[in-house]
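# Understanding the architecture of this molecule
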Amino acid sequence: MAIVGRQFPSIDVDAMNEMGDTFKLNVFEEAKNKNKKVLLFWYPKDFTFVCPTELHAFQAALEEFEKRNTVVIGASCDTPEVHFAWLNTAKDDGGIEGVTYPILADSNRNLANMLDILDVEQEYNDDLEGYILKGDNVTFRATYLIDEEGTVFHEGVNHMPVGRNVNEFLRMIDAYTHVQKNGEVCPANWEEGKDAMSADRKSTAAYLSQN
């Protein structure tokens, strides 16, 4: 279910910080009430393989996101206790020690179900006369960029084995901020400092004639 251009669901979810505190976090309110952009990235499981490389990559770029008035939030369907154990596992042992942004613990899968990002489907079993679940019932690598009004301006989903490029999210935040400030549109491969366009045929023709 695509939600680009719509408001992100307003729902409280358990979260864990690097200090081991469990608290309720509402992603929509984080954007709206704090007047910030939010990058929310989901990963399948704690204590796995591609996942820690992504969490450390987002941590390494955290200052760049903060410069862009953007809050980074991780998320999976693990419990807060499992998050805390992973946060206390050293990086050279496959852990995420040193990660400082909050991580959602959507263990009841309420938000993940709303977003339709779970690797699961129902299948009717004649012998049991009921439905059984097929799949791991964990999330794909879904990413959401949310603006200061709580509106989603990007969503994307990777399959489990494919890690994300953190720099691309910085680029998209830069592009959307340019649109917000200048009312222009950003062409393919646009980066900060490059020419953008007005949303009309004349401007498009001029841009294409020079690029």
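You'll find the structure just up there.
It should be emphasised that the depicted structure is a prediction, and the values quoted were computed from it without experimental measurement.

What follows is about the overall build of the protein chain. Helix and strand counts for the protein chain stand at seven helices and nine strands. For the protein chain, the spread of C-alpha atoms along the principal axes amounts to about 65 × 45 × 30 Å. Pairs at least 24 residues apart make up 61% of the contacts formed inside the protein chain by residues separated by at least 6 positions. By element, 47% of the accessible surface of the protein chain is carried by carbon and sulfur atoms, the whole surface being about 11,300 Å².

Counted according to the given criterion, the structure contains nine aromatic pairs. Aromatic ring contacts, followed pair by pair, group Phe-41, Tyr-43, Phe-47, Phe-58, Phe-65, Trp-86, Tyr-101 and Phe-169 into a single cluster.

What follows covers the pattern of salt bridges. Inspection of the entire model under this criterion finds ten salt bridges. Here Lys-67 ties to Glu-64 by a salt bridge, and the two come within 3.1 Å at their closest N and O atoms. You can see Lys-67 and its partner Glu-64 sitting in helix H3 (residues 62-67), three residues apart, about one turn around the helix. Judged by its relative accessible area of 57%, Lys-67 is exposed. A relative accessible area of 29% means that Glu-64 is categorised as partly exposed. Arg-171 is the partner of Glu-168 in a salt bridge, and the nearest nitrogen-oxygen pair spans 2.9 Å. With Glu-168 and Arg-171 both in helix H6 (residues 166-182) and three residues apart, this pair spans about one turn of that helix. Overall, Arg-171 belongs to the partly exposed group, its relative accessible area being 22%.

Our focus in this paragraph is the pairing of strand S2 (residues 22-26). Pairing analysis gives five bridges linking strand S1 (residues 12-16) to S2, with the strands arranged antiparallel. Bridged to Asp-14 within S2 is Lys-24. Joining the antiparallel neighbours S1 and S2 is a turn of five residues, in which Gly-20 adopts a positive phi near 90°.

In this section: helix H4 (residues 80-87). The α-helix winds at 3.6 residues per turn, so residues separated by three or four positions along the chain end up facing the same way. Within H4, the full set of buried residues consists of Pro-80, His-83, Trp-86 and Leu-87. Down the axis of H4, the buried set is contained in an arc of 120°. They therefore lie on one face. Those residues of H4 that are buried are in contact with S1, S2, helix H2 (50-60), strand S4 (70-76) and strand S5 (103-105).

The next thing to look at is the pairing of strand S3 (residues 37-42). For S3, the tally of buried residues reaches six of six residues, placing the bulk of the element in the interior. Pairing geometry for S3 and S4, over six bridges, is parallel. Residue pairing across strands places Val-38 opposite Val-71, the latter belonging to S4. Inspection of the sheet shows S3 paired to strand S8 (residues 141-146) by four bridges, in the antiparallel sense. Each bridged residue has a counterpart across the sheet, and for Leu-39 the counterpart in S8 is Leu-145.

Taken in spatial order, the seven strands of this open sheet run S2-S1-S5-S4-S3-S8-S9, and their pairing is mixed. Looking at strand neighbours, the two that pair on one side only are S2 and strand S9 (152-158), the edges of this open sheet. Within the sheet, the average angular offset between the axes of one strand and its neighbour, ignoring direction, is 30°.

So, how was this worked out
- Residues numbered from 1 in each chain as written.
- Predicted model: local features only at pLDDT ≥ 70, side-chain atom pairs only at ≥ 80, totals over all residues.
- Heavy atoms only, no water.
- Helix = DSSP H or I, 4+ residues; strand = E, 2+ residues; numbered from the N terminus.
- Contact = heavy atoms within 4.5 Å.
- Areas by Shrake-Rupley, 256 points an atom, 1.4 Å probe, with all protein chains shown as cover.
- Phe/Tyr/Trp six-rings, centres within 6.5 Å; stacked < 30°, edge-to-face > 60°.
- Salt bridge = Lys/Arg side-chain N within 4 Å of Asp/Glu carboxyl O.
- Buried < 20%, exposed > 50% of the residue type's maximum accessible area, 1.4 Å probe, protein only.
- Pairing = 2+ DSSP bridges.
- Arc of directions from axis to C-beta.
- Axes fitted to C-alpha atoms, helices over the stretch in contact; angles between N-to-C directions.

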